[in-house]
Amino acid sequence: MAMQETIQDCKDRPVKASIYISLLTFVGVLYKTNPSERDFRQELIEDAQELLLIGEPIRNVKTDSYLCSLLEAQRDGRLKYQSLILFSFVYFDKLSHEADLFEARCNLIKPHWKDFHKSIVEIGALGKFWNLRKAMIDYDINPEEWDEQGMPVNPLKLSQLK
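Everything quoted here is computed from the prediction, not taken from an experiment. (Residues numbered from 1 in each chain as written. Predicted model: local features only at pLDDT ≥ 70, side-chain atom pairs only at ≥ 80, totals over all residues. Heavy atoms only, no water.)

(A) The arrangement of the pattern of salt bridges in detail. The final tally for this structure, using the stated rule, is 3 salt bridges. E37 is paired through a salt bridge with R41; the nearest N and O atoms lie 2.7 Å apart. Taken together, the residues span about one helical turn, with E37 and R41 both in helix α3 (residues 37–52) at a distance of 4 residues. Note that E43 and R133 form a salt bridge whose closest N and O atoms lie 3.5 Å from each other. Here E43, found in helix α3, pairs with R133, found in helix α6 (residues 130–135); they are 90 residues apart in sequence, far enough to count as distant. The exposure class assigned to R133 is partly exposed, which follows from its relative accessible area of 42%. (Salt bridge = Lys/Arg side-chain N within 4 Å of Asp/Glu carboxyl O. Helix = DSSP H or I, 4+ residues; strand = E, 2+ residues; numbered from the N terminus. Buried < 20%, exposed > 50% of the residue type's maximum accessible area, 1.4 Å probe, protein only.)

Right, dumping it as structure tokens:
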């Protein structure tokens, strides 16, 4: 009975039905492609290794500092992952929970929830982490190496190549 009413309602209002079906499909795709903490750690390590293959004078300074800050926080246990079923985010924690310090354990001195958005460094959805992907664009181009006209700042002369 309910199925017949649903089918009849879909026939009567096809635009509304297609919008609902599209939204449900999109939610299903978000749920199915929500990246895990393991995916984040794997992507972070792969991107760091990719960056290490590039010589230091050629590396993008912003990408290098971003990846270094993520790796340092991961090493110190301050990088936390949280999944919200449809998407996930990674954030910096002030202290590691493994540290047996009063600041790390006391709930009264933790940051207020209004300031939490400032500590989010990565958002994962649709199978990828967006800020990490954005940071890796032009990771092998050092913008300090070029001037506004697109010419090298310190061009090599033929006498220097010997």
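(B) Expanded view of the pairing of strand β2 (residues 88–92). Of all 5 residues in β2, 4 are buried; the element is thus mostly enclosed. Judged from the 5 bridges that link them, strand β1 (residues 79–83) and β2 form a sheet pairing that is antiparallel. Bridged to K80 within β2 is Y91. Joining the antiparallel neighbours β1 and β2 is a turn of 4 residues, in which I85 adopts a positive phi near 70°. (Pairing = 2+ DSSP bridges.)

(C) Quick peek at the side chain of E43. On the basis of relative accessible area, E43 is assigned to the buried category, the value being 12%. Once residues lying within four places of it in the same chain are set aside, the contact partners of E43 are K128, F129, L132 and R133. (Contact = heavy atoms within 4.5 Å.)

(D) Broad picture of α3. Here α3 contains 16 residues, and its C-alpha end-to-end distance of 23 Å stays within 8% of the 22 Å for a straight helix at 1.5 Å per residue. Within α3 the residues assigned to the buried category are F40, E43, L44, D47, A48 and L51. What you see down the axis of α3 is that its buried residues fit within an arc of 130°, all on one side. Opposite the buried face of α3, by more than 90 degrees, sit the exposed residues R38 and L52. Taken together, the buried residues of α3 touch α4 (61–76), β1, β2, β3 (120–125), β4 (128–129) and α6. (Expected span 1.5 Å × (residues − 1). Arc of directions from axis to C-beta.)

(E) The arrangement of the sheet that holds β3 in detail. Read from one edge to the other, the open sheet built from 4 strands follows the order β1-β2-β3-β4, with strand pairing classed as antiparallel. Looking at strand neighbours, the two that pair on one side only are β1 and β4, the edges of this open sheet. The pairing of β2 with β3 spans 4 bridges and is classified as antiparallel. What sits directly across from S88, in β3, is G124.

(F) Focus on the nonpolar core. Ranked by internal contacts, the top residues of the largest apolar core, which has 17 residues, are F40, L70, L79, V90 and L132. Those elements that provide at least two residues to this core are α3, α4, β1 and α6. Dropping the residues within four chain positions of it, L70 is found in contact with L44, L79, F92, V121, E122 and L132. (Core = buried A, V, L, I, M, F, W, Y, C linked by side-chain atoms within 4.5 Å.)

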